[in-house]
Amino acid sequence: MAHFRLVAIPGDGVGPEVVEAAAGVLDAAVAAAGGRIEWQEIIVGGRAIDAYGVAIQPEDVETCRSADAVLLGAVGGAKWDDPKAPVRPEQALFALRGGLGLFANLRPVSVHPALMDSSPLRPALLRDVDLLMVRELTGGIYFGERTEAGDGAENRAASDSLPYSEAEVRRIVRLAFELATARRRKVTQVDKANVLATSRLWRQVTDEVARAFPDVSLEHRLVDSTAMLLVTRPAAFDVIVTENLFGDILSDEASVLAGSLGMLPSASLGERQTTHGTFGLYEPIHGSAPDIAGQDVANPIGTILSCAMLLRWSLGLAEAADAVERAVAAALDDGFRTRDLMPEHASLAAHLIPVGTRGMAAAIGERLTAPAAVGR
Ligand code: IPM
Ligand code: MG
């Protein structure tokens, strides 16, 4: 029996609820594949600031490093929100990303046909949307040198620097091309090459990488134009590869296509291989949503689909991953909706089944194990 070691980081706000819901689905999917998960839970984010005075303890980063994969809910909340505070929840994310070398952040966006009415975009624009955002996650302005303005000084000034090396660009761009070969074979590399020196480096390196992938078409596109096209012609994109900050912004924009931020999963991958696959950290795109925490209303689908990515990438269980994705689609087809997915008009909501976090996870779990649900 295959045995997997996973770390759970429930985090803050709705994090614990969505992680608990998704872990149940993940356990069931692994059990159905004849395996077993050994979970270890660690305290990270705002709760860690309260408990230990830091957003993540160094030994907890090491615990993650020795696992097969990490499942994270969300971190942060009003209590720890002061951007000037020396200790902040998101520092945990940077310690995990940087410390574990998780340079590749994959954020797939597709639109389930039943949810087209939940998106603010017209259904005609959403047809055939199936894109993969590949965001560089351990470089650029997030990790560059900073000087703070300081308090009270006159003529305050601050600076952030945006460094990239050729090697950092090459490894993420190569991954984007590899992923594109298994998709629609199109890569859009996004930058601001009319202004930024790092963007010009990205273009050069991307052109060099592209030579090894003659079957994949490549376009370079400026980030401002990409922002516009994401909402005017989203179906035109296949794989989008870009640097850290542009990827952060564009992936939130792309998430509105799916109808709710609560739908979207992500995987952060590094180079380390385990006996089962590639080590990675998996989390929904959404934040900790403290306003709805503890009420059993958060949508667990982003976390459950993150578990599908975990199965595929880190545990080597591609069929189990497909089964989880089919179970999510089947639950939506059968009308189950968390609050964020409910259409505004009562007429559209009439045949739908309102559920909470647990109810949605249960509906997905039932469709995972019942063979009749497969292939719907
Ligand atoms: C994300 C988030 C983080 C980021 C924040 C919380 C620092 O927005 O994962 O996209 O900017 O990377
Ligand atoms: Mg973000």
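Enquirer: Quick rundown of the sheet that holds strand 5 (residues 130–136)? Include the residues and the values.
Expert: One open sheet accounts for 10 strands, arranged 2-1-3-12-11-4-5-10-8-9; its pairing is mixed. Single-partner strands in this sheet number two, and they are strand 2 (35–41) and strand 9 (217–222). Direction aside, the axes of adjacent strands within the sheet are offset by 25° on average. Where strand 11 (residues 265–273) lies against strand 12 (residues 278–284), six bridges are found, and the strand directions are antiparallel. The partner of alanine 267 across the bridge, within strand 12, is tyrosine 282. Across the face of the sheet, helix 4 (residues 90–99) comes into contact with strand 1 (2–11), strand 3 (69–74), strand 5 and strand 12 while running at roughly 160° to strand 12. Along the sheet, helix 7 (residues 197–210) contacts strand 5, strand 8 (186–191), strand 9 and strand 10 (239–242); its crossing angle with strand 9, the most-contacted strand, is approximately 175°.

Enquirer: Provide a residue-level description of the domain arrangement of the chain, including the pertinent values.
Expert: In terms of domains, the chain is made up of domain 1 (1–109 + 260–376) and domain 2 (120–145 + 161–258). If you look at the interface, domain 1 gives 20 residues, while domain 2 gives 22 residues. Roughly 1,800 Å² is buried in total at the junction of domain 1 and domain 2, and carbon and sulfur atoms are behind 66% of that figure. Here domain 1 is connected to domain 2 by zero salt bridges. Broken down by secondary-structure element, the contributors of at least two residues to the side of domain 1 that touches domain 2 are helix 4, strand 4 (104–110) and strand 11. It is strand 4 that contributes the most residues to the side of domain 1 that touches domain 2, six residues altogether.

Enquirer: Lay out the nonpolar core in plain terms, naming residues and giving numbers.
Expert: By size, the foremost hydrophobic cluster in this structure holds 88 residues, and its most contacted members are Leu106, Val134, Leu257, Ile301, Leu311, Met360 and Ile364. Structurally, this core is a two-domain feature, drawing no fewer than three residues from each of domain 1 (1–109 + 260–376) and domain 2 (120–145 + 161–258). Setting aside residues no more than four positions away along its own chain, methionine 360 makes contact with Pro300, Ile301, Ala331, Leu332, Phe336, Arg337, Thr338, Leu341 and Val355. Among the nonpolar cores identified, the runner-up in size contains 21 residues, and Val44, Ala55, Val61 and Cys64 belong to it.

Enquirer: Break down unusual backbone geometry for me, citing the residues and quoting the values.
Expert: Positioned with a positive phi, aspartate 128 is a non-glycine residue whose angle comes to about 70°. Following the sequence through the fold, aspartate 128 ends up in the loop between helix 5 (123–126) and strand 5. The phi torsion at aspartate 296 lies on the positive side, around 60°, for a residue other than glycine. Note on placement: aspartate 296 falls in the loop between strand 12 and helix 10 (301–313).

Procedures and definitions
- Residues numbered from 1 in each chain as written.
- Chains lettered and ligands numbered in written order.
- Predicted model: local features only at pLDDT ≥ 70, side-chain atom pairs only at ≥ 80, totals over all residues.
- Heavy atoms only, no water.
- Pairing = 2+ DSSP bridges.
- Helix = DSSP H or I, 4+ residues; strand = E, 2+ residues; numbered from the N terminus.
- Axes fitted to C-alpha atoms, helices over the stretch in contact; angles between N-to-C directions.
- Contact = heavy atoms within 4.5 Å.
- Domains from an automatic or database assignment.
- Buried area = accessible area lost by both parts, 1.4 Å probe.
- Salt bridge = Lys/Arg side-chain N within 4 Å of Asp/Glu carboxyl O.
- Core = buried A, V, L, I, M, F, W, Y, C linked by side-chain atoms within 4.5 Å.
- Buried < 20%, exposed > 50% of the residue type's maximum accessible area, 1.4 Å probe, protein only.

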